Protein chains: 2
Amino acid sequence: LRRNAIPHLSKIMNKTHAADLSRIFQSLSLSHQHKLFDLIKDIEKKGILFSEMDEDTFLYFIADMKIEDIVAILEYMPSDDVADIIERLPEDKADLILKTMKKKESEEVEDLLRYGDDTAGRIMVPDFIALREDHTAQQAIESLQKEYVDVEMPFYLYVVDEYGKLTGVSSLRQLVVVSPDTPLKEFMSTAVFSVRTDTDQEEVAKLVARYDILAVPVVDHMNKLVGIVTVDDVIDIIREEATEDILKMVGAGQEFVETKSVFKSTKIRFPWLFASCLGGIIAFFIIGHFEKSLSKVTYLAAFIPVIMGMGGNIGTQSSTIVVRGLSTGLLHVRDIWSVVFKELSIGMLLGLIYGSLIGIVAQLQYNLPAFAVSVSIAVITSMSVAALVGSMVPMIFGRLNIDPAVASGPFVTTFIDIIAVFCYFQIATLLLEL
Amino acid sequence: LRRNAIPHLSKIMNKTHAADLSRIFQSLSLSHQHKLFDLIKDIEKKGILFSEMDEDTFLYFIADMKIEDIVAILEYMPSDDVADIIERLPEDKADLILKTMKKKESEEVEDLLRYGDDTAGRIMVPDFIALREDHTAQQAIESLQKEYVDVEMPFYLYVVDEYGKLTGVSSLRQLVVVSPDTPLKEFMSTAVFSVRTDTDQEEVAKLVARYDILAVPVVDHMNKLVGIVTVDDVIDIIREEATEDILKMVGAGQEFVETKSVFKSTKIRFPWLFASCLGGIIAFFIIGHFEKSLSKVTYLAAFIPVIMGMGGNIGTQSSTIVVRGLSTGLLHVRDIWSVVFKELSIGMLLGLIYGSLIGIVAQLQYNLPAFAVSVSIAVITSMSVAALVGSMVPMIFGRLNIDPAVASGPFVTTFIDIIAVFCYFQIATLLLEL
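Thresholds, definitions, all that
Residues numbered from 1 in each chain as written. Chains lettered and ligands numbered in written order. Predicted model: local features only at pLDDT ≥ 70, side-chain atom pairs only at ≥ 80, totals over all residues. Heavy atoms only, no water. Helix = DSSP H or I, 4+ residues; strand = E, 2+ residues; numbered from the N terminus. Rg over C-alpha atoms; globule rule 2.2 N^0.38 Å. Buried < 20%, exposed > 50% of the residue type's maximum accessible area, 1.4 Å probe, protein only. Contact = heavy atoms within 4.5 Å. Areas by Shrake-Rupley, 256 points an atom, 1.4 Å probe, with all protein chains shown as cover. Pairing = 2+ DSSP bridges. Axes fitted to C-alpha atoms, helices over the stretch in contact; angles between N-to-C directions. Salt bridge = Lys/Arg side-chain N within 4 Å of Asp/Glu carboxyl O. Least-squares fit on C-alpha atoms with pLDDT ≥ 70 in both. Domains from an automatic or database assignment. Core = buried A, V, L, I, M, F, W, Y, C linked by side-chain atoms within 4.5 Å. Buried area = accessible area lost by both parts, 1.4 Å probe. Polar contact = N/O pair within 3.5 Å; in protein donor to acceptor, adjacent residues only side chain to side chain. Left-handed = near helix turned anticlockwise from the far one by under 90°. Nonpolar A, V, L, I, M, F, W, Y, C, P; charged D, E, K, R; others polar. Phe/Tyr/Trp six-rings, centres within 6.5 Å; stacked < 30°, edge-to-face > 60°. Parallel < 35°, antiparallel > 145°, perpendicular 65-115°, else oblique. Patch = residues over 30% accessible without salt bridge, like charges linked within 9 Å, V, L, I, M, F, W, Y side chains within 5 Å. Disulfide = S-S within 2.5 Å.

J.: Even after reading the chapter, I still don't get the overall build of chain A, so can you show me in this structure?
T.: What chain A contains, in helices and strands, is 21 helices and 6 strands. Against the 2.2 N^0.38 benchmark of 22 Å for 434 residues, chain A shows a C-alpha radius of gyration of 30 Å, more extended than a compact globule. C-alpha atoms of chain A, sized along the principal axes, occupy 90 × 60 × 35 Å. Taking all 434 residues of chain A together, the buried fraction comes to 55%. Considering only residue pairs separated by 6 or more positions, chain A has 67% of its internal contacts joining residues 24 or more positions apart. A total accessible area of about 19300 Å² is found for chain A, and carbon and sulfur atoms account for 57% of it.

Structure, rendered in structure tokens:
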């Protein structure tokens, strides 16, 4: 950032899309960030940059900005994004900002903040077009030209009755193609999807994805239209939910934690590992219980890793498939028996293949058929049980309305570790007559 | 489905959204499916139902339908969905259908099929609005009312020059608010994103998600506008890609396989388990190598499960975080060292906690401090190494442009199994002077 490069840089900055600027910002020092930021002329672009910054970057960035400057930018942003930002700020700063903002804007934001996290109310924007059902197409076009020039995404024209209740939906195209004096009531579509302010955002996303719509109107408990959730927010939700699912499955929190501190991440990942630790300790006591067998046939120990590993991996496959299937709606909890039966068949089939393979290795190494057979049977058993448990546990959690992604991981691994070790030693002790 | 219920049912069917009907279909027998299908009056709805059915259901369903009936429905569907269906059919049936279709439609479909799988060309629709840059707003509105009444999603009005090359974009709203005799050239926006027909669909999805747009225009190598990819397809891509990521990570294929046959699923899941089997067998030889130590201190074996389990689980957490981070763009391969260092710190911290815990259990059980200490050190080592390997391997694959989701899983588990077992026995042998 040499001094003489500034005019040139300024040009580039103002041509670059804010979404790209936010990437550049991440790799810059704080003072460079501020220099670049001051070069941006478009206040709306500054707003997008605000909402694209990650939490830590943003907090540092605004730490030494004047409240008035921050507010000036926030006032150009959609109110759902402002609510997001306000929520992340320390309370005193958030209050100060809300007080400094124009009354109308701050009220909008405070309204949004009243709704629960992850609900439709929280992510909706009040920028929608609501036309009266008794107006004509001509009147509607006129009010679009006057009142609604600023609306961000004007593709659905919602139609309301005299009390503001949602009654239908129309489109710009329809307005243009019907004769100008037709009242909206006559050509609007009454088959309009809507969600309540307290609907979970995941439900909203499913609705949008399922019916290929670009926005969902949000109504309050009186069916009064209060906002819309747009497809761009839905895309963010779908990505977040997928990330959440993936991370929950391995017990690494709900949000992407790489940007969090080491200590925070450790805390988040601790409990899941605790379950697995507990499983390991139980396995330890089981092996202790079979100490006599082990002291007679030391090399029993040598197959512990492969038997546990095969069980653990196929169990993870099964539970991952079921968890993802449930969350995308490709599987239903009512199909529990067919899904579990299928996974069990796959587990047995793969168990037979790998059991034979590992049995052959055992036989070649020790030339003890009874031992090789017990290793084989142990692999088959642990892989079948793992596939069974791995598919059944998330299904059961799903049925109990507990999030399968959170609950399955620790249960499945712990259980499989224990079962695999126990079966192995029990089978070997019986077959080798130890 | 009693006989007298049919008129009533027919009413319900025609009021229900096709996306919901497809769910009902899945749970019905073939003959009931056909009966219900015949009750649907809206041919467009039949089309949506076609594209929502899963592969097997669809193949069975159309097996005994007349070609003409199938074609009649396909002709009402968007051509990208038809291409999808045609591709899934056996070749002779596909050819027959293409021949029976109207020439214009079948050409559109064949054009799409020429593009590679998962490219923008393959998922684009030719239903876009292209206005000439020298036309006025008034002329544009007129051509919308005449030529473009059927366009599915008319929110972007693309502007082209006399050769059909994409030069800008406008909107219905702009047409309505400017004075009628302004030429498009003067008020269109020239900052228009576009992709090439051979752009990967994942790139298209990222673009749409990143810039919050509702459709991307697709151009050929001459910059001529040939189609658009709409946001509803992007949502499907994002969900598919997330599912793909999740399944690849555990070696369960690329697509959701629960609807596939047991044998097919077994084949898909086989290779990943093979890697883990190999790791287990190597671990077995390592333990064999330490047989002398093991025969002296039998209970060494008892801690194998917990040491392997802790390493395996934290390794999975690290690699999952990195793989997801890379695929959502929250992590970059250039940050390899900071990411790996952070994961290593977390691994060491958690290793210290769990190492002490498990060491205490060992001490309480056997009252042999040297043994307890070696168990502790083994846990710390295996968890640190696992976090290191789990984060580094996907980063390296990412840098080599190999999909981290596919490659990391087997490598990471195999490697961690081996390292954990080796460190444990090596440390114990040294500390206990075996």
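J.: Explanation requested: the sheet that holds strand 1 (residues 129–132) of chain B in the structure shown.
T.: All names here are of chain B. Read from one edge to the other, the open sheet built from 3 strands follows the order 1-2-3, with strand pairing classed as mixed. Taken across any chain shown, the strands that pair with only one partner, and hence form the sheet edges, are strand 1 and strand 3 (166–170). Each strand of the sheet is rotated relative to its neighbour by a mean of 35°, with strand direction disregarded. As paired elements, strand 1 and strand 2 (residues 157–160) share 4 bridges and run parallel to each other. Paired with alanine 130 across the two strands is tyrosine 158, which belongs to strand 2.

J.: Is there a simple way to think about the pattern of salt bridges in this case?
T.: For side chains of opposite charge, pairing can occur when their charged atoms come near one another. Residue and element names in this part refer to chain A. Throughout the structure, instances matching the rule amount to 23 salt bridges over all chains. Residues aspartate 111 and arginine 114 are paired through a salt bridge, measuring 2.3 Å at the closest nitrogen-oxygen approach. Linking aspartate 111 with arginine 114, this pair stays in helix 9 (residues 103–114), spanning 3 residues, or about one helical turn. Looking at aspartate 111, the relative accessible area reads 37%, which means it is partly exposed. When salt bridges that share partners are traced, they join Asp84, Glu87, Asp117 and Arg122 into one network.

J.: Looking at this structure, how should I read the relation of the copies chain A and chain B?
T.: Mapping one chain copy onto the other needs a rotation about an axis and a shift along that axis. Of the transformation superimposing chain A on chain B, the axial component is 0.0 Å and the angular component is 180°, with the fit at an RMSD of 0.1 Å. As the rotation angle and translation indicate, the two copies are arranged about a two-fold axis. Mapped onto chain B, 100% of the interface residues of chain A are again interface residues, and the two copies thus contact each other with one and the same surface.

J.: What should I look at first to understand the domain arrangement of chain A in this one?
T.: One frequent convention defines the size of an interface as the accessible area lost when the parts assemble. By the assigned domains, chain A splits into domain 1 (3–117), domain 2 (129–247) and domain 3 (262–431). Centre-to-centre, using C-alpha coordinates, domain 2 of chain A lies 49 Å away from domain 3 of chain A.

J.: Please explain the nonpolar core as it appears in this structure.
T.: What tends to happen in soluble globular proteins is that the nonpolar side chains get buried as a cluster. Residues Phe50 of chain A together with Phe50 of chain B are the most contacted members of the largest nonpolar core, which totals 127 residues. The contact partners of phenylalanine 50 of chain B, leaving out residues within four places of it in the chain, are Phe37, Phe58, Phe61, Ile62, Met65, Ile70, Ile73, Leu74, Met77 and Ile85 of chain B. Of all hydrophobic cores here, the second largest spans 96 residues; its members include Val421 of chain A together with Phe290, Val379 and Ile418 of chain B.

J.: Is there a simple way to think about the interface of chain A and chain B in this case?
T.: The interface is formed by 109 residues belonging to chain A together with 109 residues belonging to chain B. Where chain A abuts chain B, roughly 9800 Å² becomes buried across the two surfaces, and 69% of that area is made up of carbon and sulfur atoms. The tally of links between chain A and chain B comes to 2 salt bridges. As a salt-bridge pair, arginine 269 of chain A and glutamate 343 of chain B come within 3.0 Å of each other at their nearest N and O atoms. Here chain A and chain B share 18 residue pairs in polar contact (both at pLDDT 80 or more) between them.

J.: Can you help me understand the packing of helix 19 (residues 336–366) of chain A against helix 16 (residues 262–289) of chain B in this one?
T.: Any two packed helices are characterised by how steeply their axes cross, that is the angle between the axes, and by the distance between the axes. Closest axis-to-axis distance for the helix 19 of chain A/helix 16 of chain B pair is 10 Å, and the angle between their directions is 30°. By crossing handedness, the relation of helix 19 of chain A to helix 16 of chain B is classed as right-handed. Here the contact of helix 19 of chain A with helix 16 of chain B is composed, by residue class, of 17 nonpolar, 4 polar and 3 charged.

J.: What am I meant to see in the environment of isoleucine 380 of chain A here?
T.: Residue and element names in this part refer to chain A. Among the secondary structure elements, isoleucine 380 is positioned in helix 20 (residues 369–399). Judged by its relative accessible area of 24%, isoleucine 380 is partly exposed. With 218 residues separating them in the primary sequence, isoleucine 380 and glutamate 162 have C-alpha atoms 69 Å apart. Excluding residues that lie within four positions of it along the chain, isoleucine 380 makes contacts with Gly351, Leu352 and Gly355.

J.: Please clarify how the packing of aromatic side chains should be interpreted in this entry.
T.: Within a pair of aromatic rings, the relevant descriptors are the distance that separates the centres and the angle that separates the planes. This model, assessed by the stated rule, comprises 35 aromatic pairs over all chains. Taking 6.5 Å as the distance between ring centres and 40° as the angle between the ring planes, the aromatic pair formed by phenylalanine 274 of chain A and tyrosine 354 of chain B counts as tilted. Within this pair, whereas phenylalanine 274 of chain A is found in helix 16 (residues 262–289), its partner tyrosine 354 of chain B is found in helix 19 (residues 336–366), the two belonging to separate chains.

J.: Where do I start with unusual backbone geometry in this structure?
T.: The backbone of asparagine 223 of chain A sits at a positive phi, close to 65°, despite the residue not being glycine. Among the structural elements, asparagine 223 of chain A can be located in the loop between strand 5 (215–219) and strand 6 (225–230). The partly exposed category is assigned to asparagine 223 of chain A, whose relative accessible area is 32%. A positive phi angle, close to 60°, is found at aspartate 118 of chain B, a residue other than glycine. Mapped onto the elements, aspartate 118 of chain B comes out in the loop between helix 9 (103–114) and helix 10 (120–123).

J.: In this structure, what is going on with the packing of helix 19 of chain B against helix 20 (residues 369–399) of chain B? I would like to understand it.
T.: Residue and element names in this part refer to chain B. Running from N to C, helix 19 and helix 20 point in directions that differ by 155°, and their axes come no closer than 7 Å. Taken together, the axis directions place helix 19 and helix 20 in an arrangement best described as roughly antiparallel. Our pair here, helix 19 against helix 20, has a crossing hand that is right-handed. For the contact of helix 19 with helix 20, the residue count by class is 24 nonpolar, 9 polar and 2 charged.

J.: Looking at this structure, how should I read the sheet that holds strand 4 (residues 195–196) of chain B?
T.: Across a sheet, strands are paired by hydrogen bonds formed along the backbone, either parallel or antiparallel in direction. Residue and element names in this part refer to chain B. A sheet is described by the order of its strands in space; here 3 strands give the open sequence 4-5-6, paired in mixed fashion. Each edge of the open sheet is held by one strand with a lone partner, namely strand 4 and strand 6 (225–230). Strand direction decides the pairing type here: strand 5 (residues 215–219) and strand 6, joined by 5 bridges, are antiparallel. Considered in strand 6, the bridge of valine 216 is made with valine 229. Here helix 14 (residues 201–211) sits on the sheet in contact with strand 4, strand 5 and strand 6, set at roughly 140° to strand 5.

J.: It is not clear to me how a nonpolar patch on the surface should be interpreted in this structure. Could you clarify?
T.: Together, Phe263 of chain A together with Leu349, Leu352 and Ile353 of chain B line one region of the surface with nonpolar side chains, adding up to about 370 Å² of accessible area. Top element by residues in the nonpolar patch is helix 19 of chain B. It accounts for 3 residues. Tracing the sequence through the fold places leucine 349 of chain B in helix 19. Accessibility expressed as a relative area gives 32% for leucine 349 of chain B, which makes it partly exposed.

J.: For this particular structure, what's the right way to read the state of the cysteines?
T.: By definition, a disulfide is the covalent link that joins the sulfur atoms of two cysteine residues. Evaluated as defined, the whole model comprises 0 disulfides over all chains. The cysteine cysteine 277 of chain B is free of any disulfide, with cysteine 423 of chain A supplying the nearest cysteine sulfur at 18 Å.

J.: Honestly, the pairing of strand 6 of chain A in this entry has me stumped. Any pointers?
T.: Regular strands show a simple pattern: their side chains alternate between the two faces of the sheet. The element strand 6 of chain A is largely enclosed, with a buried count of 5 among its 6 residues. Hairpin connection, strand 5 of chain A to strand 6 of chain A: the antiparallel pair is bridged by 5 residues, and asparagine 223 of chain A has positive phi, about 65°.

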